[in-house]
Amino acid sequence: MDDLNPLAGTAHLLEEVDKKLMVLLRDGRTLIGYLRSVDQFANLVLQRTIERIHVGNQYGDIPRGVFIIRGENVVLLGEIDREKEQKLPLKEISVDEILDAQRREQEQRQEKHRLVSKALKERGLAVNAELINEDFC
């Protein structure tokens, strides 16, 4: 154990228990909730969890309740600053509206990928769809 850092590894997460955290998952979902438990594998238990969906400058929150997260699925984790949370430059909309906006955004992204693939194919190039990212389109 490092003398300068007595809490190594996932033990740092113990300091975050009972705090409101934002967790970004590998599948792209964003969860916000209160950290209630953590183990040596960085598995997390969040309480009063919401799934926040962002589309443009709008967002919607889907209540999820108690949420158990396997540590290997966590990409990013951070404490929510309550003062800044109240001053978000985003507009909150209903769950139905945000899900509809998300669906439209995904359809536009798929259409853009289809057009790029078609254009490359016409030029004699075969491209793996997984390799095309938003920066390319």
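Going along each chain's sequence as written, the residues are numbered from 1 onward. The predicted nature of this model means local features are confined to residues of pLDDT at least 70 and side-chain atom pairs, given and counted, to a pLDDT of 80 or more, with totals for whole chains, interfaces and linings taken over all residues. Each side-chain value is derived from all of the structure's non-hydrogen atoms; neither hydrogens nor water enter the calculation.

Naming follows an unreviewed UniProt entry, where the chain appears as U6 snRNA-associated Sm-like protein LSm1 of Drosophila guanche. UniProt positions are given in the numbering used here, feature names are shortened, and annotations may be inferred rather than shown by experiment. Quoted verbatim from the Subunit (unreviewed entry) field of the UniProt record, the comment on the chain reads "Interacts with SLBP; interaction with SLBP occurs when histone mRNA is being rapidly degraded during the S phase. LSm subunits form a heteromer with a donut shape." Taken directly from UniProt, the Sequence similarities (unreviewed entry) text for the chain runs: "Belongs to the snRNP Sm proteins family."

The 6 strands are arranged β5-β1-β2-β3-β4-β6 in an open sheet whose pairing can be described as mixed. Strand pairing shows two members of the sheet lacking a second neighbour, β5 (74-79) and β6 (91-92), which therefore form its edges. Two strands form a pair only when DSSP identifies at least two bridges running between them. Segments assigned H or I by DSSP are reported as helices when at least four residues long, segments assigned E as strands when at least two residues long, and all are numbered from the N terminus. Sheet analysis places strand β2 (residues 30-38) next to strand β3 (residues 44-55), joined by 7 bridges and oriented antiparallel. Bridge pairing in β3 links Thr30 to Arg52. When checking whether two residues touch, look at their non-hydrogen atoms; a contact exists if any pair is within 4.5 Å. Between N-to-C directions, angles cover 0 to 180 degrees, with each direction set by a line fitted to C-alpha atoms, over the stretch in contact for helices. Across the sheet, helix α2 (residues 95-122) lies against β3 and β4 (58-69), angled at about 60° from β3, the strand it touches most.

Let us look at the pairing of β2. Burial within β2 is extensive, with 7 of its 9 residues counted as buried. Sheet analysis places strand β1 (residues 20-25) next to β2, joined by 5 bridges and oriented antiparallel. Bridged to Met22 within β2 is Ile32. Counted between consecutive antiparallel strands, the loop separating β1 from β2 contains 4 residues, among which Gly28 sits at a positive phi close to 95°. Where β2 hands over to β3, the hairpin turn is made up of 5 residues, of which Ala42 adopts a positive phi near 65°. For the exposure calls, accessible area comes from a 1.4 Å probe over protein chains only, and a residue counts as buried if that area is under 20% of its type's maximum, exposed if over 50%, partly exposed in between.

Moving on, we come to unusual backbone geometry. The residue Asp18 is not glycine, and still its phi comes out positive at about 75°. Structurally, Asp18 is set in the segment before β1. Positive phi, close to 65°, is recorded for Ala42, a residue that is not glycine. Its place among the elements puts Ala42 in the loop between β2 and β3.

Glancing now at the environment of Gly33. Here Gly33 is to be found in strand β2. Look at Gly33 and you get buried, because its relative accessible area is 0%. Taking the C-alpha atoms as reference points, Gly33 and Lys20, separated by 13 residues in sequence, lie 5.4 Å from one another. With sequence-adjacent residues up to four places away left out, Gly33 is seen in contact with Lys19, Lys20, Leu21, Leu46, Gln47, Arg48 and Thr49.

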